[in-house]
Amino acid sequence: MAYSPGQAPEKERLMKEQAVNNSWMQIISFPIDGRTNKPRTEGLTMVIDKGLGINETKDLFEVAANYVDFLKLGFGTSSLYDQEILSQKINLAKEYGVMIYPGGTFMEIAISQNKLEEYISMACKLGYPAVEISDGTVNISQEVRERAIAMALDAGLLVLTEVGKKNLRDKVQIEHYVKQIRQDLGCGAFRVIIEGRESGKDAGFYDGKGRFVAGEMEQILEAAGDTNLLIWEAPLKHQQQGLITMFGPNVNLGNIPANEALALEALRVGLRGDTLRLQFE
Ligand SMILES: O=C(O)[C@H](CS(=O)(=O)O)OP(=O)(O)O
């Protein structure tokens, strides 16, 4: 059975997923309402973890687990942790109802070394509930992409795929991505991530100023048919602000720096000038 966010039934997790108890909320309401609570399937936040220690991870979850749905262990960092520490991180994420998974680049490396099957078995053995299948750096055939999705689903993993190249030099026609988004969703991907890297500039679908190339967003949206089936990598505030303005507080956003999870939530609910001002315009 495939996981979906927040499905792990641990008692501790359920306790920690209770709505935040904050006395300000007895007198103030969020300027933007309608924000979803965990376990949510809409308004997902994916945080990129570039090497947080156990205490930092615990701090992040203590403060912001209610606002973090996915924690991506960036690139191949999963393989650099001491085994015990990695286990602790995976368990901690489960305890707090956060879906932890290794960065897409790591699977690209496994595929380039002909180790797809072994990679998926290892992800299961280590207790990851999800994997990402991308081709941001390594070219992967459609056949292998579909095999990777099927294998991961068969293993009971939640599958996130990603479209887009890390280097703008490698970018191909938007029609290719449109097709890929449809194919991935048709194969059972839970969500398709729209590449933006951790820089949010000169990568994926962003130009040097971190803006979408004119017309591409519309085509991406049309391919998905529903913005909720996409996760937009949006590491920069102006990108988060723009997407929240366009799609509302429950747009799915990814590659959020770990120390900005709470700041993003403030943007989503209008507790920050950048989105608060929309209420007064
Ligand atoms: O974690 C990864 O592999 C990368 C991180 S970045 O794009 O290089 O900043 O992201 P992914 O979206 O998983 O390819």
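- The name given to the chain in an unreviewed UniProt entry is Phosphosulfolactate synthase, with Pelotomaculum propionicicum as the source organism.

## Things to note about the pairing of strand E5 (residues 158-163)
Phase 1 of the analysis: Taken across its six residues, E5 has six buried, putting it largely inside the fold.
Phase 2 of the analysis: Of the two faces of E5, the one holding Leu158, Leu160 and Glu162 and the one holding Val159, Thr161 and Val163 are both buried throughout.
Phase 3 of the analysis: One ladder, built from four bridges, connects strand E4 (residues 130-133) with E5; its direction is parallel. Counted as the bridge partner of Val131 is Val159 from E5.
Phase 4 of the analysis: Examined bridge by bridge, E5 and strand E6 (residues 191-194) share four bridges and lie parallel to one another. Residue Glu162 lies in a different strand from E6, and its bridge partner there is Ile193.
Phase 5 of the analysis: Between the parallel pair E5 and E6, the chain is carried across by helix H7 (residues 174-187), and the sense of this crossover is right-handed.

## Thoughts on the packing of aromatic side chains
Given two aromatic rings, one states the distance between the centres and the angle between the planes to describe the pair.
Phase 1 of the analysis: What the rule picks out here adds up to eight aromatic pairs.
Phase 2 of the analysis: Between Trp232 and Phe247, the aromatic rings sit 5.9 Å apart at their centres with planes inclined by 10°, giving stacked as the arrangement. Of this pair, Trp232 sits in strand E7 (residues 230-233) while Phe247 is found in helix H9 (residues 237-247), placing the two residues 15 residues apart along the sequence.
Phase 3 of the analysis: Every member of this aromatic cluster is reached through a ring pair, and the members are Tyr206, Phe212, Trp232 and Phe247.
Phase 4 of the analysis: Taking NZ or CZ as reference, Arg191 lies 4.1 Å from the ring centre of Phe190, over its face.

What counts as what
Residues numbered from 1 in each chain as written. Predicted model: local features only at pLDDT ≥ 70, side-chain atom pairs only at ≥ 80, totals over all residues. Heavy atoms only, no water. Buried < 20%, exposed > 50% of the residue type's maximum accessible area, 1.4 Å probe, protein only. Helix = DSSP H or I, 4+ residues; strand = E, 2+ residues; numbered from the N terminus. Pairing = 2+ DSSP bridges. Right-handed = clockwise from strand over helix to strand, strands pointing away. Phe/Tyr/Trp six-rings, centres within 6.5 Å; stacked < 30°, edge-to-face > 60°. Lys NZ or Arg CZ within 6 Å of the ring centre and 35° of its normal.

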